[in-house]
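Remarks on the overall topology
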Amino acid sequence: MKPAARMAELPPYLFLELDRLADSRRQLGRDVINLGVGDPDLATPEYVVAAMVEAVHRASNHRYPNYLGAKEFREAVARWYAKRFKVTVDASEQVVGLIGSKEGIAHLIWAMAGPGDVVLVPDPAYPVYQTQTVLAGAEVYRMPLIASRGFLPDLTAIPEHVWRKAKMLWLNYPNNPTGATAPREFLTEAVDLCRTHDVLLCHDNAYAEMTFDGYRAPSILEIPNALDVAVEFYSWSKPFNMTGWRVAAAVGNTVAVKALGLLKSHLDSGVFTAVQEAAIAALAGGPEAVFEQMNGVYARRRNVVVSGLRKAGLDLPTPKATFYLWFRVPEGMTSAEASKFFLESADTVVTPGSAYGQQGEGWLRIALTESEERLAQAVERMATALDARP
Ligand SMILES: *Cc1c(COP(=O)(O)O)cnc(C)c1O
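These numbers were taken from a predicted model, which means no experiment stands behind them. (Residues numbered from 1 in each chain as written. Predicted model: local features only at pLDDT ≥ 70, side-chain atom pairs only at ≥ 80, totals over all residues. Heavy atoms only, no water.)

1. What about the overall build of the protein?
When helices and strands are counted, the protein shows 12 helices and 12 strands. In terms of overall size, the protein behaves like a compact globule, its C-alpha atoms giving a radius of gyration of 21 Å where 390 residues would be expected to give roughly 21 Å. A principal-axis box enclosing the C-alpha atoms of the protein has dimensions of 60 × 55 × 55 Å. Here the protein, with 390 residues, has 57% of them falling under the buried criterion. When contacts within the protein are restricted to residue pairs at least 6 apart in sequence, long-range pairs at least 24 apart make up 74% of them. Here the protein has roughly 16900 Å² of accessible surface; of this, 54% comes from carbon and sulfur atoms. Of the side-chain charges in the protein, 39 are positive and 44 negative, and the distance between the mean point of each set is 1 Å. (Helix = DSSP H or I, 4+ residues; strand = E, 2+ residues; numbered from the N terminus. Rg over C-alpha atoms; globule rule 2.2 N^0.38 Å. Buried < 20%, exposed > 50% of the residue type's maximum accessible area, 1.4 Å probe, protein only. Contact = heavy atoms within 4.5 Å. Areas by Shrake-Rupley, 256 points an atom, 1.4 Å probe, with all protein chains shown as cover. Lys, Arg positive; Asp, Glu negative; His and termini not counted. Charge placed at Lys NZ, Arg CZ, Asp CG, Glu CD.)

In structure tokens, the structure reads:
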């Protein structure tokens, strides 16, 4: 028996592979520090857990959820966008609930692009934009994110014939894996170009709340006329330490939200209503204090790793957002070699940048998802390993 031919297009999911490598080290009795996958190590805030406990006891919540998200959930998202971003959206037409943004991103691509269409995808990037485009039979056009341009794609370099076939353009700021942020002028340029070429601008705002040193990330929907062409993914996963709960929303352009909702109504049956209630409570219960506390933790961790690895001779930035550090490999190694080197000689999992696209070659990514003590330990081991290099 053989899986469908389209499955041959799919590489193994990166983090499954890294987990497997880390596990094989652990089986050798090694104490492995995993700075690979971007999965918060801290607990969901207690007030959110309490709301979930209450909601899960209510029998009415045990039935199939509303496919597109409960009215109360969609209204809570609309209220949050008004409060947080000063953006007005229609809760019934411009918001759809998602079983995590990964699900929504994948399905929006299926809803909007197919054979003969082009999808503009950053390189490096979260792998889902590319893999789902390929699966859906559309063509990927890579937009390089390079350090000298602040990891912003050069949208003016996209040829006219590519724009003509393009259906969607993906952006993600604050950015995974580079930690870059986008100035408002860049977002404005993206909205204007997408309006000119009738392309859906898809903004993955998974790290909207994970910012430091006074920086505050915008929504793409704050840009004038953005609702004409833009849809944004807002996720509870990272800001509320809720990756396991699977809840997010797509917000914005009516055509995109409707197409995604229609496709999803044929695929899944929505987010567990109790989880939606907990998500509403998360937004209503003073999340600003939660974000501030979490961001304090990540900023301290960032500082520990940045200063430690700089002392060890690596060139690291001080990102204003995300819990990622994106930095050049030690001299004379590829990304894959460097990742293997740190796993084998420092028992530390560091993601090879090449896993995020061709432009990621020569880079590594660290996720700040361990305690300060563990991070300090990882840094020390990495420094020792680098020192001992022939
Ligand atoms: C973590 C992450 C997501 C996934 O978010 P979920 O809502 O948990 O599915 C989406 N996009 C990027 C860039 C991420 O880093």
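2. Some details on the sheet that holds strand E7 (residues 230–235)
In a beta sheet, neighbouring strands are held together by backbone hydrogen bonds and run either parallel or antiparallel to one another. An order of E2-E8-E7-E6-E5-E3-E4 is seen for the 7 strands of this open sheet, with the pairing classed as mixed. Since the sheet does not close on itself, it has two edges, and those belong to strand E2 (95–98) and strand E4 (139–144), each with one partner. Direction aside, the axes of adjacent strands within the sheet are offset by 20° on average. Pairing between E7 and strand E8 (residues 248–252): 5 bridges, direction antiparallel. Following the sheet pairing, glutamate 232 is matched in E8 by valine 251. Taken strand by strand, helix H4 (residues 101–112) contacts E2, strand E5 (166–171), strand E6 (200–204), E7 and E8, and its axis lies near 160° from that of E5. (Pairing = 2+ DSSP bridges. Axes fitted to C-alpha atoms, helices over the stretch in contact; angles between N-to-C directions.)

3. Observations regarding the domain arrangement of the protein
Segmentation of the protein into domains returns domain 1 (5–44 + 288–387) and domain 2 (46–285). Centre-to-centre, using C-alpha coordinates, domain 1 lies 25 Å away from domain 2. Contacts between domain 1 and domain 2 engage 33 residues on the former and 45 residues on the latter. A combined buried area of about 3400 Å² lies between domain 1 and domain 2, and 63% of that area is made up of carbon and sulfur atoms. Contact with domain 2 buries surface across domain 1, with Thr44, Phe291 and Lys320 losing the most and accounting together for 22% of the total. The interface formed by domain 1 and domain 2 holds 2 salt bridges in total. Measuring nitrogen to oxygen at the nearest pair gives 3.0 Å for the salt bridge that ties lysine 83 to glutamate 288. (Domains from an automatic or database assignment. Buried area = accessible area lost by both parts, 1.4 Å probe. Salt bridge = Lys/Arg side-chain N within 4 Å of Asp/Glu carboxyl O.)

4. Re the packing of H4 against helix H8 (residues 254–265)
Contact geometry of H4 with H8 gives a least axis separation of 9 Å together with a crossing angle of 100°. As judged from the angle between their axes, H4 and H8 are roughly perpendicular. Contacts between H4 and H8 involve Glu103, Gly104, His107, Leu108, Trp110, Ala111 and Met112 from the first element and Ala256, Ala259, Leu260, Leu263 and Lys264 from the second. Residues of the contact of H4 with H8, tallied by class, amount to 8 nonpolar, 2 polar and 2 charged. (Parallel < 35°, antiparallel > 145°, perpendicular 65-115°, else oblique. Nonpolar A, V, L, I, M, F, W, Y, C, P; charged D, E, K, R; others polar.)

5. So, the pattern of salt bridges
When the charged atoms of two side chains with opposite charge come close together, those side chains can pair. Using the criterion set out here, one finds 21 salt bridges in the structure. Note that aspartate 31 is salt-bridged to arginine 374, the shortest N-O span being 2.8 Å. With a gap of 343 residues between them, aspartate 31 in the loop between helix H1 (14–27) and strand E1 (33–34) and arginine 374 in helix H12 (residues 372–387) connect regions that are remote in the sequence. Looking at aspartate 31, the relative accessible area reads 37%, which means it is partly exposed. Among the ionic pairs, arginine 84 bridges to glutamate 209, the shortest N-O distance being 2.9 Å. Here glutamate 209 lies in the loop between E6 and E7 and arginine 84 lies in helix H3 (residues 71–85), a separation of 125 residues in the sequence. Both residues of the pair, arginine 84 and glutamate 209, count as buried. Linked through salt bridges whose partners overlap, the residues forming this network are Arg25, Arg30 and Asp347.

6. Details of the pairing of strand E12 (residues 363–367)
Across the 5 residues of E12, 5 count as buried, placing the element largely inside the fold. Residues Trp363, Arg365 and Ala367 of E12 are buried on one face, and the alternating residues Leu364 and Ile366, pointing to the opposite face, are buried as well. Note that strand E9 (residues 324–328) and E12 share 5 bridges and pair antiparallel. Among the inter-strand pairings, phenylalanine 327 is bridged to a residue of E12, identified as leucine 364. By the bridge criterion, 2 bridges tie strand E11 (residues 351–352) to E12 in an arrangement that is antiparallel. Pairing of threonine 351 across the sheet is with arginine 365, part of E12.

7. Looking at helix H9 (residues 273–284)
Side chains that are three or four residues apart share a direction in an α-helix, a result of its 3.6 residues per turn. For H9, which comprises 12 residues, the first-to-last C-alpha distance of 16 Å matches the rise-based estimate of 16 Å (1.5 Å per residue) to within 8%. Among the 12 residues in H9, 10 count as buried, and that is most of the element. What H9 keeps buried is the set Thr273, Ala274, Val275, Gln276, Ala278, Ala279, Ile280, Ala281, Ala282 and Leu283. Where H9 is buried, its residues contact helix H2 (46–56), H3 and helix H10 (287–311). Once H9 finishes, glycine 286 follows within two positions and takes phi at roughly 75°, a positive value. (Expected span 1.5 Å × (residues − 1).)

8. What about the site of the ligand?
The immediate surroundings of the ligand are formed by 14 residues, with Asp204, Tyr207, Ser235, Ser237 and Lys238 found nearest. Interatomic distance of 2.7 Å between a backbone N/O atom of serine 101 and an oxygen atom of the ligand. Against a free-state accessible area of 390 Å², the protein chains account for coverage of 94% of the ligand. Class assignment of the residues belonging to the shell around the ligand gives a composition of 4 nonpolar, 6 polar and 4 charged. (Near = heavy atom within 4 Å. Polar contact = N/O pair within 3.5 Å; in protein donor to acceptor, adjacent residues only side chain to side chain.)

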